[in-house]
Amino acid sequence: MGRTNLMLRIVLLISVLSSMMFGSSAQTCKGQTFNNNKVYATCRDLPHLSSYLHWSYVQSTGKLDIAFRHAGITSSSNWVAWAINKNNDLQSAMSGAQAIVATTTGGTTKAYTSPIASPNTQLKEGNISYATTGVSATYQGSEVTIYATVTLPKGTTSIVHLWQDGAMSGSTPQIHAQNSANLDSKEKLDLVSGSSQAGSSGGSLRRRRNVHGVLNALSWGILMPIGAIIARYVKVFPSADPAWFYLHVTCQTSAYIIGVAGWGTGLKLGSDTPGVTYHTHRTLGIILFCFGTLQLFALLLRPNKDHKYRPYWNIYHYLIGYGTIVISIVNIFKGFSALEKSAQDRYDNWKHAYIGIIAGLGGLALLLECFTWIVVLKRKKTEGKMSHNGANGANGYGVRPQNV
């Protein structure tokens, strides 16, 4: 009897825990009645952006009644959108999306349809590819709900749908955030069974962004300054000649090759996200590529030490070289700012690590600057004494007369 009671208690505990774990999800979606006193046949807790989709669908007629809910709204000036991709393309879901948009400004909520031709859109009002009626929206508490009836082609069983949110600038919707939640807010949905297939382009884009950042920080931001430190301070020591030169060339050439790879990934990121533009970061990146290429040509066209044009070449080499390092460091921090906008605090550790590396290189350069000046001044002092002694010898001091 005791064992039976124990088993009953365990089963009861499991059922209570199950209702606590899974009941909240069902409660936010199942059996909800909306302001229009309508109950939808099916609903789904969407995986991103605190959103829920409720729908009733008649496959024979293609009539799709939807209520899209987006919770967690904290701003009184915002937009929310739900869309169907007319091409049924999960990877490029935004291009060709037929959207229903709700904007809230000054306490007024407006709903309308908007066809999206490309990611670079401002969600202008217009007719979409599907016959749509009953478009409306409500904003209560921190939740926006969009209502609509969309007529799909008869016999349709699944759609690619996407959902987004963003801020308003006056009456114009601004581009949505570029973090993983926004980039992954799309899926292929079976309207009949309710099953779905998630999109994953956000993860791919994030990986490419990480590769772009690592390549450029390593090349322009670390190897280039190290190569400059070698050229400025190691060559002071005669025993390091010509090893310092080959180390300098190896370091800067490696930095250029890796930097060009990072620059190329940046161009590809720009082409893959046409709605996202970091003008200053892009411009500085192009300048860095040009300066790096000029330095490569400078290596190939370097005159001999005793050539009359060598002083002019030195000035050109120093100006372009140090200019490249300064611009690269500035642009790397511009890149960190872009990453912070797209992933919030995720990259803070990367930024702090790079600050530590640059501070370390700067401290090393300052220490070597002081040390090499001491070495050079002592060397000049020694050479001055030797020159003075040589001059005294020439005047007959300390030199024995020669017998002819």
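The structure contained in this document is the topic of the report that follows.

Basis of the calculations
Residues numbered from 1 in each chain as written. Predicted model: local features only at pLDDT ≥ 70, side-chain atom pairs only at ≥ 80, totals over all residues. Heavy atoms only, no water. Patch = residues over 30% accessible without salt bridge, like charges linked within 9 Å, V, L, I, M, F, W, Y side chains within 5 Å. Areas by Shrake-Rupley, 256 points an atom, 1.4 Å probe, with all protein chains shown as cover. Salt bridge = Lys/Arg side-chain N within 4 Å of Asp/Glu carboxyl O. Helix = DSSP H or I, 4+ residues; strand = E, 2+ residues; numbered from the N terminus. Buried < 20%, exposed > 50% of the residue type's maximum accessible area, 1.4 Å probe, protein only. Polar contact = N/O pair within 3.5 Å; in protein donor to acceptor, adjacent residues only side chain to side chain. Pairing = 2+ DSSP bridges. Axes fitted to C-alpha atoms, helices over the stretch in contact; angles between N-to-C directions. 1 Å grid on protein atoms, 1.4 Å probe; cavity = no way out; pocket = protein on both sides within 12 Å on 5 of 7 lines; lining within 4 Å. Points joined across faces, edges and corners; volume = space filled by probe spheres on them. Contact = heavy atoms within 4.5 Å. Phe/Tyr/Trp six-rings, centres within 6.5 Å; stacked < 30°, edge-to-face > 60°. Core = buried A, V, L, I, M, F, W, Y, C linked by side-chain atoms within 4.5 Å.

1. Remarks on a nonpolar patch on the surface
And step 1. Judged by side-chain polarity, Leu-296, Phe-297, Leu-299, Leu-300 and Leu-301 come together as a nonpolar surface patch covering roughly 480 Å² of accessible area.
And step 2. Here Leu-301 is to be found in the loop between helix H5 (279-300) and helix H6 (310-343).

2. Thoughts on the side chain of Arg-69
And step 1. Tracing the backbone shows Arg-69 in strand E3 (residues 63-70).
And step 2. With relative accessibility at 6%, the residue Arg-69 sits in the buried group.
And step 3. A distance of 3.1 Å separates the side chain of Arg-69 from the side chain of His-54, its partner in a polar contact.
And step 4. A distance of 3.1 Å separates a polar atom in the side chain of Arg-69 from a polar atom in the side chain of Glu-143.

3. Section: the sheet that holds strand E1 (residues 42-45)
And step 1. The 5 strands are arranged E1-E2-E3-E8-E7 in an open sheet whose pairing can be described as antiparallel. Sheet topology places E1 and strand E7 (131-140) at the edges, where each strand pairs with a single neighbour. Each strand of the sheet is rotated relative to its neighbour by a mean of 15°, with strand direction disregarded.
And step 2. Pairing between E1 and strand E2 (residues 51-58): 4 bridges, direction antiparallel. Opposite Cys-43, over in E2, you have His-54 as the bridge partner.

4. With respect to empty space enclosed by the protein
And step 1. Counted by the stated rule, this structure contains 2 cavities of 30 Å³ or more.
And step 2. Together, 18 residues line the largest cavity, and Trp-79, Met-94, Ile-116, Leu-123 and His-176 are the ones closest to its centre.
And step 3. Among the secondary structure elements, those contributing two or more residues to the lining of the largest cavity are strand E4 (78-85) and strand E9 (158-169).
And step 4. If one sorts the elements of the lining of the largest cavity by residue count, E4 sits on top with 4 residues.

5. Remarks on the side chain of Asn-182
And step 1. Tracing the chain through its elements places Asn-182 in helix H2 (residues 180-183).
And step 2. A distance of 3.3 Å separates the side chain of Asn-182 from the side chain of Asp-165, its partner in a polar contact.
And step 3. For Asn-182, the contacting residues outside a window of four places in its chain are Leu-49, Gln-164, Asp-165, His-176 and Ala-177.

6. Considering the environment of Gln-122
And step 1. Structurally, the position occupied by Gln-122 is in the loop between strand E6 (108-115) and E7.
And step 2. Since its relative accessible area comes to 44%, Gln-122 is described here as partly exposed.
And step 3. Residues Gln-122 and Thr-172, spaced 50 residues apart in sequence, show a C-alpha to C-alpha distance of 6.9 Å.
And step 4. Other than its neighbours up to four places away in sequence, Gln-122 contacts Thr-172 and Pro-173.

7. Quick notes on the pattern of salt bridges
And step 1. For the coordinates displayed, the defined rule picks out 5 salt bridges.
And step 2. The salt bridge partner of Lys-110 is Glu-125, with a shortest N-O separation of 3.2 Å. Residue Lys-110 is found in strand E6, and its partner Glu-125 is found in the loop between E6 and E7; the two are separated by 15 residues along the sequence.
And step 3. Here Lys-110 falls in the partly exposed class, since its relative accessible area comes to 42%.

8. Describing the packing of aromatic side chains
And step 1. All chains considered together, the criterion is met by 8 aromatic pairs.
And step 2. Between Phe-237 and Phe-371, the ring centres sit 6.1 Å apart and the planes meet at 35°, which makes this aromatic pair tilted. With Phe-237 in the loop between helix H3 (201-233) and helix H4 (243-272) and Phe-371 in helix H7 (residues 348-394), this pair connects stretches of sequence that are 134 residues apart.
And step 3. Residue classification places Phe-237 among the partly exposed positions, given a relative accessible area of 28%.
And step 4. A relative accessible area of 44% places Phe-371 in the partly exposed class.
And step 5. Relative to Phe-289, the ring of Trp-263 lies with its centre 4.0 Å away and its plane at 0°, an arrangement referred to as stacked. Pair noted here: Trp-263 is in helix H4 and Phe-289 is in helix H5, with a separation of 26 residues, a long-range link.
And step 6. Using a relative accessible area of 22% as the deciding quantity, one classes Phe-289 as partly exposed.
And step 7. Here the aromatic cluster, defined as three or more aromatic residues joined through ring pairs, consists of Trp-244, Phe-245 and Tyr-246.

9. Considering the nonpolar core
And step 1. Among the nonpolar cores identified, the biggest contains 25 residues, and Leu-64, Phe-68, Trp-82 and Leu-152 are the most heavily contacted of them.
And step 2. Of all the secondary-structure elements, those providing two or more residues to this core are E2, E3, E4, strand E5 (97-105), strand E8 (143-151) and E9.
And step 3. Looking at this core, the element that brings in the most residues is E8, giving 4 residues.
And step 4. One finds Trp-79, Ala-83, Leu-90 and Ala-97 within the second-largest nonpolar core, a separate group that totals 15 residues.

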